[in-house]
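# Remarks on the overall topology
Below are the chains, spelled out letter by letter.
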Amino acid sequence: QTIEVLNTDAEGRLVLADAMWWTQETYKPKTVIDLATLTGAIIVSLAHEFGGLFTKDDKLAKQLDAAGETSGDKLWRMPLTQAHDEMIKSDIADMQNIGGKGGGSSTAAAFLARFIKEDVSWAHLDIAGMAWTTKDKPTCPKGGSGFGVRLLDEFVRENYES
């Protein structure tokens, strides 16, 4: 697919899209969950209280939300609609790497969604606001939080090891 690069500071999503596509081609997973400190816009939306959860799969959303509640790595489901996909349309390429001023986290997720195969369940967790903490918390000391490690451990335990 071709990409019109309108913002060179939004390069992480290009790298992540390549990695997600390669993973699907190489390993043929049924489910892909990516975590990235992808957008500052998620901090505007959720502060440093929740990771942003983007998925069109209601079952996967419920499983991840439950894992977040149990692990303490809490998520908040954010919108990911056709309107967000429309915002990244390009006149000269298959898509553009940003969608304009509004909905930055959702348009970033819409960009990533274009690299997920139809038969793959997928969720994107934008953890930009959660990767670092300025004070000690019950689940981690001040500094790098490790957000998502406990969440994914709980998700696997509850959904694949039971």
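## Overview of the packing of helix H1 (residues 12-27) against helix H5 (residues 104-113)
- H5 packs onto H1 with a crossing angle of 35 degrees between their chain directions and a minimal axis gap of 9 Å. Remark: the crossing between H1 and H5 carries right-handed chirality. Together, Arg13, Leu14, Leu16, Ala17 and Met20 of H1 and Ala108, Phe111 and Leu112 of H5 make up the contact between the two elements.
- Partitioned by chemical class, the residues of the contact of H1 with H5 number seven nonpolar, no polar and one charged.

## Side note on the packing of aromatic side chains
- In the structure shown here, the tally under the stated rule is four aromatic pairs.
- Ring geometry for Trp22 and Tyr27: centres 5.6 Å apart, planes at 80 degrees, overall edge-to-face.
- Residues Phe111 and Phe115 carry aromatic rings whose centres are separated by 5.4 Å and whose planes lie at 45 degrees to one another, so their mutual orientation is tilted. The pair formed by Phe111 and Phe115 is uniform in burial state, with each residue classed as buried.
- The positively charged end of Lys117 is found above the aromatic ring belonging to Trp21, 5.0 Å away from the centroid.

## A look at the packing of helix H3 (residues 58-71) against helix H6 (residues 149-160)
- Here H3 crosses H6 at 120 degrees, and the two axes come no closer than 8 Å. On the basis of their axis angle, the class for H3 and H6 is oblique. Judged by the twist between their axes, the crossing of H3 over H6 is right-handed. Across the interface between the two elements, Leu60, Gln63, Leu64, Ala67, Gly68, Thr70 and Ser71 of H3 pack against Arg150, Leu151, Glu154, Phe155 and Asn159 of H6.
- The residue inventory of the contact of H3 with H6, partitioned by class, reads five nonpolar, five polar and two charged.

## Examining the sheet that holds strand E6 (residues 121-126)
- With mixed pairing, four strands are arranged side by side in an open sheet as E2-E6-E3-E4. Pairing within the sheet leaves two strands with one partner each, and these edge strands are strand E2 (31-36) and strand E4 (75-77). Going across the sheet, the axis of each strand differs from the next one's by a mean of 25 degrees, ignoring polarity.
- Together, E2, strand E3 (51-54) and E6 form the strand contacts of H5, whose direction differs from that of E6 by roughly 145 degrees.
- Its contacts with the sheet place H6 against E2, E4 and E6, and it is angled at close to 165 degrees to E2.

## Section: the pattern of salt bridges
- Following the criterion strictly, the structure yields seven salt bridges and no others.
- We note a salt bridge from Lys89 to Glu86, for which the minimum N-O separation is 3.3 Å.
- Classification of Glu86 as partly exposed rests on a relative accessible area of 39%.
- Within the structure, one salt-bridge network assembled from shared partners comprises Asp153, Glu154 and Arg157.

About the thresholds
- Residues numbered from 1 in each chain as written.
- Predicted model: local features only at pLDDT ≥ 70, side-chain atom pairs only at ≥ 80, totals over all residues.
- Heavy atoms only, no water.
- Axes fitted to C-alpha atoms, helices over the stretch in contact; angles between N-to-C directions.
- Helix = DSSP H or I, 4+ residues; strand = E, 2+ residues; numbered from the N terminus.
- Left-handed = near helix turned anticlockwise from the far one by under 90°.
- Contact = heavy atoms within 4.5 Å.
- Nonpolar A, V, L, I, M, F, W, Y, C, P; charged D, E, K, R; others polar.
- Phe/Tyr/Trp six-rings, centres within 6.5 Å; stacked < 30°, edge-to-face > 60°.
- Buried < 20%, exposed > 50% of the residue type's maximum accessible area, 1.4 Å probe, protein only.
- Lys NZ or Arg CZ within 6 Å of the ring centre and 35° of its normal.
- Parallel < 35°, antiparallel > 145°, perpendicular 65-115°, else oblique.
- Pairing = 2+ DSSP bridges.
- Salt bridge = Lys/Arg side-chain N within 4 Å of Asp/Glu carboxyl O.

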